[in-house]
Amino acid sequence: MPPIVLSGDLVASRAYGAGKAARVLSEVVNEVNTRFSKTLLVPLDVIQGDAFQGVAAAGPDALALVFRLQGGLVERTAGRLKSRFGLGLGTIDQELANVEDPSLLTGPAFVAAAEALVRARKEKRQIVLQSGRADLDAVADGTFGLVEFVWKRWSAEVWRRALRYDEVADIGTLAEELGVSYQAVHKQLHGRGVLAVRTGLAGMGALLKGVGE
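Note that the coordinates shown come from a computational prediction; the quantities given were computed from them, not determined experimentally.

Before going further, it helps to examine helix H3 (residues 60-77). In an α-helix, one turn spans 3.6 residues, which is why side chains three or four residues apart end up on the same side. Given a rise of 1.5 Å per residue, 18 residues ought to cover 26 Å, and the 26 Å separating the end C-alpha atoms of H3 matches this to within 8%. By the criterion of burial, H3 is predominantly enclosed, with 13 of the 18 residues buried. Ala-78 occupies a position one or two residues after H3 and carries a positive phi of about 55°.

Written as structure tokens, this is what we have:
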């Protein structure tokens, strides 16, 4: 399967404070690199303080990574800092084993990711895919559009619970940790669209994994 290049940058980092934003991004990227070490073919690298780029195996975990990075920023900054992503599906000119300088990597996947990020900025989107396939890109536009519509309305607290549920993958465990009923947690995760967002990203990830197989 072709790899997927993830290029992204922060939204409103100047208003938050460039220095503080850079530190938060670095912390979140380090956590994501550790958590998704098996998915990342090239770890995410912070560029110029407010941007990042890496290469992942195309599939559900690549989009789980996007979810985790976005949530980590929101949670740490009470919603004041978010990111946008340009995802490029395609080939890479170099071998990815033991890459010493990720900035020297080139190829159609990097061009696609850069173009997707430009479109995300222009259209005020948070996730845009460019795959070279009009049908796949159209499905991604619809799926990611719905995902963005839902999670833009989440408070930092909803994000915190969504991220913790992502870790434990069990509503009962989360309810026990929070000291509330199973029903209360399920109602929030369902009512705020957390479960729907996870399903949408997992489904889109499965489509990406299937490309080229």
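Quick look at the packing of aromatic side chains now. Tallied over the full model, the rule gives 6 aromatic pairs. Their ring planes at 45° and their centres at 5.2 Å tell us that Phe-67 and Trp-159 sit as a pair that is tilted. Placement of the pair is Phe-67 in helix H3 and Trp-159 in helix H6 (residues 156-168), with a sequence separation of 92 residues. The class of Phe-67 is buried, set by a relative accessible area of 3%. A residue is classified by how much of its surface remains accessible, and Trp-159, at 1% relative accessible area, is buried.

Attention shifts here to the nonpolar core. What tends to happen in soluble globular proteins is that the nonpolar side chains get buried as a cluster. Core analysis: the largest hydrophobic core is formed by 52 residues, its most contacted members being Ile-4, Leu-87, Leu-129 and Trp-151. For this core, the leading source of residues is H3, giving 8 residues. With near-sequence residues (within four places) excluded, Trp-151 lies in contact with Val-66, Phe-67, Gln-70, Gln-126, Ile-127, Trp-159, Val-197 and Leu-201. Counting residues in each nonpolar core, the second largest holds 9 residues, with Val-5, Val-42, Leu-96 and Leu-105 among its members.

Take the pattern of salt bridges next. Applying the stated criterion across every chain yields a total of 18 salt bridges. Between Glu-27 and Arg-76 there is a salt bridge whose closest N-O contact spans 3.5 Å. Taken together, the residues Glu-27 in helix H2 (residues 18-35) and Arg-76 in helix H3 connect sequence positions 49 residues apart. For Glu-27, a relative accessible area of 42% corresponds to the partly exposed category. Residues Glu-31 and Arg-76 are paired through a salt bridge, measuring 2.3 Å at the closest nitrogen-oxygen approach. Residue Glu-31 is found in helix H2, and its partner Arg-76 is found in helix H3; the two are separated by 45 residues along the sequence. Glu-31 gets classed as partly exposed once you look at its relative accessible area, which sits at 44%.

Turning our attention to the sheet that holds strand S3 (residues 51-57). Taken together, 5 strands build an open sheet; the order of strands is S2-S3-S1-S4-S5 and the sheet is mixed. In the strand order of this sheet, the two ends are held by strand S2 (40-47) and strand S5 (127-130), each with one partner. Across the sheet, the axes of successive neighbouring strands diverge by a mean angle of 15°, strand direction being ignored. Where strand S4 (residues 82-89) and S5 come together, 4 bridges link them in parallel fashion. If you follow Gly-88 over to S5, its bridge partner there is Gln-130.

Cut-offs used in this document
- Residues numbered from 1 in each chain as written.
- Predicted model: local features only at pLDDT ≥ 70, side-chain atom pairs only at ≥ 80, totals over all residues.
- Heavy atoms only, no water.
- Helix = DSSP H or I, 4+ residues; strand = E, 2+ residues; numbered from the N terminus.
- Expected span 1.5 Å × (residues − 1).
- Buried < 20%, exposed > 50% of the residue type's maximum accessible area, 1.4 Å probe, protein only.
- Phe/Tyr/Trp six-rings, centres within 6.5 Å; stacked < 30°, edge-to-face > 60°.
- Core = buried A, V, L, I, M, F, W, Y, C linked by side-chain atoms within 4.5 Å.
- Contact = heavy atoms within 4.5 Å.
- Salt bridge = Lys/Arg side-chain N within 4 Å of Asp/Glu carboxyl O.
- Pairing = 2+ DSSP bridges.
- Axes fitted to C-alpha atoms, helices over the stretch in contact; angles between N-to-C directions.

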